[in-house]
Amino acid sequence: MNTLSKEEQTPPVLAEGQWLWRRLYVYVSTGVSWVLLDRLIAVVPADAAPRLAQGLMALLA
């Protein structure tokens, strides 16, 4: 006689099989975003810097 409920009898969920590719995608896309942001900041003239900073803060919000 088994006293365990159906939820207790199910096997544990295994880790995701594609985790490496998901992490690589996140790391690569983050690195590309940082490089693009760095180049954008270098290209923008000094008088437009406050507007760029305001836009970046709005994006983060």
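Helices and strands together make up the secondary structure of the chain, namely 3 helices and 0 strands. Starting at the N terminus, the α and β elements of the chain follow one another as α-α-α. A burial count over the chain gives 0% of its 61 residues as buried. Total accessible area on the chain is roughly 6100 Å²; 67% of this is exposed by carbon and sulfur atoms.

This next bit is on a nonpolar patch on the surface. There is a patch of nonpolar side chains on the surface, built from Trp-19, Leu-20, Trp-21 and Leu-24 and spanning about 450 Å² of accessible area. Of note, Trp-19 is situated in helix 2 (residues 19-43).

Our next topic: the environment of Leu-40. By the element assignment, Leu-40 lies in helix 2. With 12 residues separating them along the chain, Leu-40 and Leu-52 place their C-alpha atoms 9.4 Å apart.

Attention now moves to the confidence of the model for the chain. Any residue range with low pLDDT should be treated as having predicted coordinates unsuitable for detailed reading. Summary statistics for the chain give a mean pLDDT of 85 and a share of 80% for residues scoring 70 or more. When the elements of the chain are averaged for pLDDT, helix 1 (residues 6-9) gives the smallest value, 65, and helix 2 the largest, 93.

For helix 3 (residues 49-60), which comprises 12 residues, the first-to-last C-alpha distance of 16 Å matches the rise-based estimate of 16 Å (1.5 Å per residue) to within 8%. Of all the 12 residues making up helix 3, 0 are buried; the element is thus mostly uncovered.

About the cut-offs
- Residue numbers restart at each chain and count upward from 1, following the sequence in its written direction.
- Local features in this predicted model are restricted to residues whose pLDDT is 70 or higher, and side-chain atom pairs enter the listing and the counts only when it is 80 or higher, whereas totals over whole chains, interfaces and linings include all residues.
- Side-chain figures throughout are based on the complete set of non-hydrogen atoms in the structure, without hydrogens or water.
- We count a stretch as a helix when DSSP gives it H or I for four or more residues in a row; a strand needs E for two or more, and each element gets its number in order from the N terminus.
- A 1.4 Å probe rolled over the protein chains alone gives each residue an accessible area, and that area as a share of the maximum for its type sets the label: buried under 20%, exposed over 50%, partly exposed in between.
- Computed by Shrake-Rupley with a 1.4 Å probe, the accessible areas treat only the displayed protein chains as cover when residues are assessed.
- Here, patches come from residues exposed beyond 30% relative accessible area and free of salt bridges, joined within 9 Å for like charges and within 5 Å for nonpolar side chains (Val, Leu, Ile, Met, Phe, Trp, Tyr).
- Salt bridge, as applied in this entry: a Lys or Arg side-chain nitrogen positioned within 4 Å of an Asp or Glu carboxyl oxygen.
- For every residue, the predictor reports its confidence as pLDDT, a number between 0 and 100.
- By this rule the span expected of a helix is its residue count minus one, scaled by 1.5 Å.

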